[in-house]
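Secondary and tertiary structure notes
As a plain string of letters, each chain reads:
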Number of protein chains: 2
Amino acid sequence: MPPIIRHAFLALVATLALGLASKAGAADPLPSWNEGPTKQSIVDFVTRVTKEGGPDYVAPEDRVATFDNDGTLWVEQPIYTQFMFAIDRVKATSNEHPEWKDKEPFKSVLAGDMKAVAAMGEKGMLEIMAVTHSGMTTADFRETVDQWITTAKHPRFKVLYTDLVYQPMLELLDYLRANDFQVFIVSGGGVEFMRSFTRKSYGVPPWQVVGSSGVTKYGMWDASPILVKESKVFFVDDGPGKPEGINHFIGAQPIFAFGNSDGDKEMLEWTAACKRLCFMGLVHHTDAVREYAYDRDSSVGKLDKALDEALDRGWTVVDMKNDWKVIFPSEASGP
Amino acid sequence: MPPIIRHAFLALVATLALGLASKAGAADPLPSWNEGPTKQSIVDFVTRVTKEGGPDYVAPEDRVATFDNDGTLWVEQPIYTQFMFAIDRVKATSNEHPEWKDKEPFKSVLAGDMKAVAAMGEKGMLEIMAVTHSGMTTADFRETVDQWITTAKHPRFKVLYTDLVYQPMLELLDYLRANDFQVFIVSGGGVEFMRSFTRKSYGVPPWQVVGSSGVTKYGMWDASPILVKESKVFFVDDGPGKPEGINHFIGAQPIFAFGNSDGDKEMLEWTAACKRLCFMGLVHHTDAVREYAYDRDSSVGKLDKALDEALDRGWTVVDMKNDWKVIFPSEASGP
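In this report, the structure presented in the accompanying data block is examined. Because the structure is predicted, anything quoted here is derived from the model rather than measured. Per-chain numbering applies: the sequence of each chain, read as written, is numbered from 1 onward. Written order decides the labels, with chains lettered from A and ligands numbered from 1. Only residues with pLDDT of 70 or above have their local features reported here, since the model is predicted, and side-chain atom pairs are shown and tallied only from 80 upward, although totals for entire chains, interfaces and linings are computed over all residues. Calculation of side-chain values draws on the structure's entire complement of heavy atoms; hydrogens and water are dropped beforehand.

Another point: the packing of helix H3 (residues 81–92) of chain B against helix H6 (residues 121–132) of chain B. Residue and element names in this part refer to chain B. Here the axes come from fitting lines to C-alpha atoms, over the contacting stretch only for helices, and the angles between their N-to-C directions go from 0 to 180 degrees. The helix count covers DSSP runs of H or I at least four residues long, the strand count covers runs of E at least two residues long, and both are numbered beginning at the N terminus. Orientation of H3 relative to H6, taken along the N-to-C sense of each, is 65°, at an axis distance of 9 Å. With respect to H6, the axis of H3 lies roughly perpendicular. With respect to the hand of their crossing, H3 and H6 are arranged in left-handed fashion. When H3 is examined against H6, the residues Gln82, Phe83, Ala86, Ile87, Arg89 and Val90 are found in contact with a partner set consisting of Met125, Ile128, Met129 and Thr132. Charged means Asp, Glu, Lys or Arg here, nonpolar means Ala, Val, Leu, Ile, Met, Phe, Trp, Tyr, Cys or Pro, and polar covers whatever is left, Gly included. Along the lines of polarity and charge, the residues of the contact of H3 with H6 split into seven nonpolar, two polar and one charged. By the definition adopted for this analysis, an angle is roughly parallel if under 35 degrees, roughly antiparallel if over 145, roughly perpendicular if from 65 to 115, and oblique otherwise. In this scheme, a crossing is called left-handed if the near helix is turned counterclockwise away from the far one by less than a right angle; it is called right-handed if the turn is clockwise. Residues are treated as being in contact if the distance between any of their heavy atoms lies within 4.5 Å.

And the structure:
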């Protein structure tokens, strides 16, 4: 065979091999989801909105999908990861704040009395969040989060928090992107905290992360520009704040949204008003053995009114115990 | 030749032909820019940051470019387009506001006395903006802008405002995207106003548009969720607000930024602090014949301190008259 023909032949063989491989891979885009109505509702939706010429076809530019983060894409129990970070920051910086020894809620945090901290309720938590998330530059804050998120371990599972993302949801994000969806995170969590890991953990770039945030001020320090994080609230991305945030930061109405708590109710309602085929989903935590089981009475990720509405309106509700073959990437079998 | 070899051979020929075609097409990505140091500075920058293994290489995920809109991507004289829209809205809705006949600044607007409106300064303009940009749903506002932007004509050029985008800048946006940049608009203009045309005019999706905005409230109307635009300011994306907005909405520091006025100064300074090779550019309006000539003394798009800083620090300054072969797409020759 002349060399040019041989090269062409080899190229063809390689192309065929790749084609077969991708065909085999495409057979089940959601291998960690058990067969059943939940998985079927997702596949049906994606199939219908991507079918050109079909009655439910949606142009790629309008395929916007929004996901809550805590409890939807990763573990949020026994308490939101970002609050664990804040607790660790109080401990790590207590030397600079001798007054904390006699001042609540810091006194209890430093004494390791988390029950007392919890008893102080939202006010105590907000105070802890405020002091640990302001008074530094955005660059310094980011460095602190980067360092923490790559070393801190979850109290029960004893692995990095980023190891506790949900494998079935990672597959769902990939599946949507493979079908030309733009995937956004819309979470009550701090946007600068999340951006530390969303690209690596979820493949979501920083500008597709919507979250809560404080006011940030531009200024000069030693002839260099800096952005300083202030303790004043800029935006709270929770409840009605989610559709408001979707409008401010995304500027397009989702046709697909997934959450897991009452804080996602308005985002799902806003999505349901999309005036074409749209998908609304909730993760219901029903697996105390492999993860956690909680809903209506939980102080973290309470799911009550949104569950009623989902059942009432026929939205997809994931039964974690029965719908998910595996929970975490460490359990997933190799390719 | 056996069929399989023949197919492979033809595939190879097709590949080679495509390769040549794309090479020829890549000869000049910026055909509306005259040869010279301005154009060269852009091409040099893009070549260096995309050269794998080179000292200035930047990974695609960090190739963030931000552009001002008014006066950078489209005409802003004799007055910002969005203000023309607001003036037209005052006229169109005056029947619903009989009190405007005796109340400034509306009285002068309705009398067509733009000199009197201008004399009232910023306070008058803000009042006109507030009443025309609030008190309706986001959907209704969008419909109004869509209708206006596809019909209203520029007073001097007598064409749609969207026909007055700058052809050389459109080529620059395409050139950057072809080199795996993410292109954002970061403008003092209203974000919901801009989103009406940024996808069609610039190929920029709504979530890559950062602008000024008012508070928006989620609520229910007749059992359907709506977002209502309020008159309270949410965010002002101008001056120091630009780096702050870049942090809130994009979450990554640009390595390439283009503006045209003192309102872009802090965005360019923030970009210049990118700690790698970065590009800062200004459009200097020097062409009174084909467009407008203005800088230090203009009330619209004043360019004074930013021009001094650009000259001092060696940033790229586009001399519109000499650097741009054509200004508007209508003058551009076909492919």
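So, next bit.
Two aromatic rings, drawn from Phe, Tyr or Trp (for Trp, its six-membered ring), form a pair once their centres lie within 6.5 Å of each other, and the interplanar angle then sorts them: stacked below 30 degrees, edge-to-face above 60, tilted otherwise. Inspection of the entire model under this criterion finds 56 aromatic pairs over all chains. When the ring of Phe67 of chain B is compared with that of Phe256 of chain B, the centres are 5.8 Å apart and the planes differ by 40°; the resulting orientation is tilted. Placement of Phe67 of chain B in strand S1 (residues 64–67) and of Phe256 of chain B in strand S5 (residues 256–259) is noted, with a sequence separation of 189 residues between them. Arranged with centres 6.1 Å apart and planes meeting at 40°, the rings of Phe256 of chain B and Phe258 of chain B form a pair that is tilted. Remark: exposure states derive from per-residue accessible area (1.4 Å probe, protein chains only) relative to the maximum for the residue type, with buried under 20%, exposed over 50%, and partly exposed in between. Among the residues examined, Phe256 of chain B registers a relative accessible area of 0% and is labelled buried. An aromatic cluster of three or more residues is present, and its members are Trp74, Phe85, Phe141, Trp148, Tyr161, Phe193, Phe197 and Tyr202 of chain A.

Interface size is often expressed as the accessible area that is lost when the parts come together. On the chain A side, the residues contacting the 39 residues of chain B number 40 residues. Defined here as a combined quantity, buried area equals the accessible surface (1.4 Å probe) lost by two parts on assembly, summed across both. Of the roughly 3,800 Å² buried where chain B meets chain A, counting both sides, 67% is carbon and sulfur surface. Any pair of nitrogen or oxygen atoms within 3.5 Å is treated as a polar contact; in protein, a donor-acceptor pairing is required on top of that, and neighbouring residues in sequence qualify only through side-chain atoms on both sides. Remark: the boundary between chain B and chain A carries 14 residue pairs in polar contact (both at pLDDT 80 or more). Of all the elements in the fold, those that place two or more residues in the side of chain B that touches chain A are helix H1 (3–25), strand S2 (182–190), strand S3 (209–221), strand S4 (224–235), helix H11 (241–250) and helix H12 (265–272) of chain B. Per element, the largest residue contribution to the side of chain B that touches chain A is six residues, and it comes from H11 of chain B.

Residues below a pLDDT of 70 in either copy are left out; the C-alpha atoms of the rest, at least 70 in both, set the least-squares superposition of the copies. Least-squares fitting of chain B to chain A yields an RMSD of 0.0 Å, with the superposition described by an axial translation of 0.0 Å and a rotation of 180°. One copy is carried onto the other by what is essentially a two-fold rotation axis. A share of 100% of the interface residues of chain B reappears at the interface of chain A, consistent with the copies meeting face to face through the same patch.

For this analysis, a salt bridge means a side-chain nitrogen from Lys or Arg found within 4 Å of a carboxyl oxygen belonging to Asp or Glu. Across all of its chains, the model carries 30 salt bridges over all chains by this definition. Among the salt bridges present, the one from Glu61 of chain A reaches Arg199 of chain B, with a minimum N-O distance of 3.9 Å. With Glu61 of chain A in the loop between helix H2 (37–50) and strand S1 (64–67) and Arg199 of chain B in helix H10 (residues 198–202), this pair bridges two chains. Note that Asp56 of chain B and Arg48 of chain B form a salt bridge whose closest N and O atoms lie 2.8 Å from each other. What emerges from the salt-bridge pattern is a single network uniting Asp28, Glu35 and Lys39 of chain A.

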